[in-house]
Amino acid sequence: MAASPPDSDPAPIAILPVASGAAPISGDANMLASLLQFEAEVRRQPGVAELHYHVANELRRILPYEQMFIARQPRIGDDFHIVCASSISSVDRNAPLIQAMEKLIAKLAKNDGLDRPHDFTLGAMSEDPALAEYPYGECRWQPLLDSEEKVFGGLLVMRETPFREGEGYRLTRLSETVSHSWRALTGDKPVKRIGRFGRKEKIGVMVALLVIALFPVRMTALAPVEVVAARPFMVAAPFSGVISRVHVAPNAAVEEGALLVSFDDVKLSNELKLAQEKLAVAKARVDRSTSTAFGEDDETREIATLRAEYELAQADYNFANDVMGLSQIKAPRAGMAIYSDRRDWEGRAVNVGDPILQVADPGQIALRIDLPAAEQMALDRGSRVKVWLDAQPLWAIEGKVEHASYQARQTAEGILAFAVTAQPTSGNPRIGSRGTAKLYGEWVPLIYSLLKRPIASFRQTIGL
């Protein structure tokens, strides 16, 4: 074999850094292989939950134990929370064992701190009745540290036999691997803590909340609204009868004097003919008594009585004639006929004064708002109103309050509400349109606006 040149350098030797204070690794090659394999598996975990489950259950290959709990610092407060336990798929923080372990960690933090490893016995540290029959009495707390060497979590390992020194070294090495993987999976923020406020910050927050609570806002309420005619002429039944025909279609334009409604006139016609016959008989008797006034004394004495009967028959005839004229209802003015449907009225019997339809000017409209009694508030004339109609949901109609009733009434939906009438100041919606109205009341502090309903409900409940 050819010899190497005398001036050639020897092959470089890789030198691995050794952490200060670390003990020499004990055990055979199998333990070292298992340790390296476990670290590789930890770094391959896709999420924090999977990391917790893998560490709690698979660390037994490196370190023998009966049960392990993984604890984490909460977002708010100091007491650590158990987030995973070996051989348990999910942790119920209301379970007695989990609560006892969290109390154990809290006591350990109070006595010795959680930023360094601790070996202790369960009986010496806790007297919780929930742990009286817990079979594993030897405990080790192994902290998990962040990049600033501050504890954010830890491993609580439980078993029956005491921990040896070499096992402590192994657990320390593994805890560094777990901490590194946990921080890598959370962007170096294993726990997103909400910082505590100092005295100045607390005073600032209180002042800000007070300013917000006293910030003036308008009282508002939502209520159903309907577009109605402002000053309609109500066509009502002039007498009790049966409607024969409605001559105009719903929402149709009508001229002044146009025929609107016809009543069944069979009875009226007969009554008019009967009154006419009675009038003719009374007139004949008066004429006969007048022609014989200079003859018999008996006929002369009955003239006054017969004239009274004639006048009564004339009055009956005039009344029957007037009623016959009312059987044809005509439009008192030009406008739009507003009613539901012809089939609702034709052939229907009505009483005197029953409303049939309205004749209204389409250009003169109003907003009728039913403000629920639970939403009542002080409304002045001219208060602002904003309306969103179902047919126009993308833009609102502005309006102003004209007047509001002082007494609530029950609506068709069975809700006790105050009637509020408003006049639109923008837009010209169609009569009959419905939607939602937002009423603006007086200026009040924000805290009053938010607590008005709860306070009212509370007072109604307790009766004060």
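For the protein chain, an unreviewed UniProt entry supplies the name HlyD family efflux transporter periplasmic adaptor subunit and the organism Parasphingorhabdus cellanae. Turning to the protein chain, the UniProt annotation filed under Subcellular location (unreviewed entry) states: "Cell envelope".

Caption draft 1: Seen up close, the pattern of salt bridges. Going through the model one piece at a time under the given rule, you end up with 16 salt bridges. Linking Arg-409 and Asp-370 is a salt bridge whose minimum nitrogen-to-oxygen distance equals 2.8 Å. Residue Arg-409 is located in strand β18 (residues 409–410), and its partner Asp-370 is located in strand β15 (residues 365–372); the two are separated by 39 residues in the primary sequence. Residue classification places Arg-409 among the partly exposed residues on the basis of a relative accessible area of 35%. One network of salt bridges, in which partners are shared, links Arg-159, Arg-164 and Glu-167.

Caption draft 2: View of the side chain of His-118. You can see His-118 is positioned in strand β3 (residues 118–121). Accessibility expressed as a relative area gives 6% for His-118, which makes it buried. Engagement of the side chain of His-118 in a polar contact is seen with the backbone oxygen of Gly-113, the distance being 2.8 Å. Of note is the side chain of His-118, whose polar atom sits 3.4 Å from the backbone oxygen of Arg-116.

Caption draft 3: Examining the confidence of the model for the protein chain more closely. Averaged over every residue, the pLDDT of the protein chain is 84; residues scoring 70 or more account for 91%. Of the regions scoring below 50 in pLDDT, residues 1–27 engages in one contact with residues more than four places distant in sequence or in other chains.

Caption draft 4: Looking closely at the packing of helix α2 (residues 48–58) against helix α5 (residues 165–185). Look at α2 against α5: their axes get within 10 Å of each other, and the N-to-C directions meet at 165°. The angle between the axes of α2 and α5 places the two elements in the roughly antiparallel class. Of the two elements, α2 crosses α5, and the hand of that crossing is right-handed. Residues Val-48, Leu-51, His-52 and Val-55 of α2 form the contact with α5, whose participating residues are Val-178, Ser-181, Trp-182 and Leu-185. Of the residues belonging to the contact of α2 with α5, the class tally is six nonpolar, two polar and no charged.

Caption draft 5: Here's a closer look at the layout of surface pockets. In this structure, the second largest pocket encloses a volume near 350 Å³. For the second largest pocket, the lining is made up of 19 residues, of which Glu-226, Ile-338, Tyr-339, Gln-358 and Ile-431 are closest to its centre. Counting residues per element, the ones that place at least two in the lining of the second largest pocket are β6 (216–229), β12 (335–338) and β14 (355–360).

Caption draft 6: Layout of the sheet that holds strand β9 (residues 253–254). As summarised here, the arrangement of the four strands in space is β7-β14-β12-β9, forming an open sheet in which the pairing is antiparallel. At either margin of the open sheet sits one strand with a lone partner, and together these are β7 (233–236) and β9. Of the pairings in the sheet, the one linking β12 to β14 comprises three bridges and is antiparallel in character. Note that in β14 the partner of Met-336 across the bridge is Ala-360.

Caption draft 7: Structural context of α5. With 21 residues, α5 ought to run about 30 Å at 1.5 Å a step, and its terminal C-alpha atoms sit 31 Å apart, in line with that. Every buried residue of α5 is accounted for by Glu-167, Gly-168, Arg-170, Leu-171, Leu-174, Ser-175, Thr-177, Val-178, Ser-179, Ser-181, Trp-182 and Arg-183. Considering only its buried residues, α5 is in contact with α1 (29–43), α2, β1 (67–72), β4 (138–145) and β5 (151–159). Positive phi appears at Gly-187, one or two residues downstream of α5, with a value of about 65°.

Caption draft 8: Geometry of the pairing of β12. Bridge count between β9 and β12: two bridges; the pairing is antiparallel. Looking at the pairing, Val-254 lines up with Gly-335 of β12.

Caption draft 9: A look at the environment of Glu-302. As for its placement among the helices and strands, Glu-302 is situated in the loop between α8 (297–301) and α9 (303–326). In this structure, the C-alpha to C-alpha distance between Glu-302 and Gln-410, residues 108 residues apart in sequence, is 62 Å.

Caption draft 10: Up close: the state of the cysteines. Evaluation of the coordinates by the stated rule reveals zero disulfides. Unpaired in terms of disulfides, Cys-84 finds its nearest cysteine sulfur in Cys-139, a separation of 18 Å. By relative accessible area, Cys-139 is classed as buried at 1%.

Caption draft 11: Region of the structure containing the packing of helix α7 (residues 266–291) against α9. The interhelical angle for the contact between α7 and α9, taken along N-to-C directions, is 160°, at an axis separation of 8 Å. By the angle between their directions, the pair α7 and α9 is classed as roughly antiparallel. Remark: the crossing between α7 and α9 carries left-handed chirality. Each residue belonging to the contact of α7 with α9 can be placed in one class, and the counts come to 14 nonpolar, six polar and seven charged.

Cut-offs applied
- Residues numbered from 1 in each chain as written.
- Predicted model: local features only at pLDDT ≥ 70, side-chain atom pairs only at ≥ 80, totals over all residues.
- Heavy atoms only, no water.
- UniProt positions renumbered as here; feature names shortened; annotations may be inferred.
- Salt bridge = Lys/Arg side-chain N within 4 Å of Asp/Glu carboxyl O.
- Helix = DSSP H or I, 4+ residues; strand = E, 2+ residues; numbered from the N terminus.
- Buried < 20%, exposed > 50% of the residue type's maximum accessible area, 1.4 Å probe, protein only.
- Polar contact = N/O pair within 3.5 Å; in protein donor to acceptor, adjacent residues only side chain to side chain.
- pLDDT = per-residue confidence, 0-100.
- Contact = heavy atoms within 4.5 Å.
- Axes fitted to C-alpha atoms, helices over the stretch in contact; angles between N-to-C directions.
- Parallel < 35°, antiparallel > 145°, perpendicular 65-115°, else oblique.
- Left-handed = near helix turned anticlockwise from the far one by under 90°.
- Nonpolar A, V, L, I, M, F, W, Y, C, P; charged D, E, K, R; others polar.
- 1 Å grid on protein atoms, 1.4 Å probe; cavity = no way out; pocket = protein on both sides within 12 Å on 5 of 7 lines; lining within 4 Å.
- Points joined across faces, edges and corners; volume = space filled by probe spheres on them.
- Pairing = 2+ DSSP bridges.
- Expected span 1.5 Å × (residues − 1).
- Disulfide = S-S within 2.5 Å.

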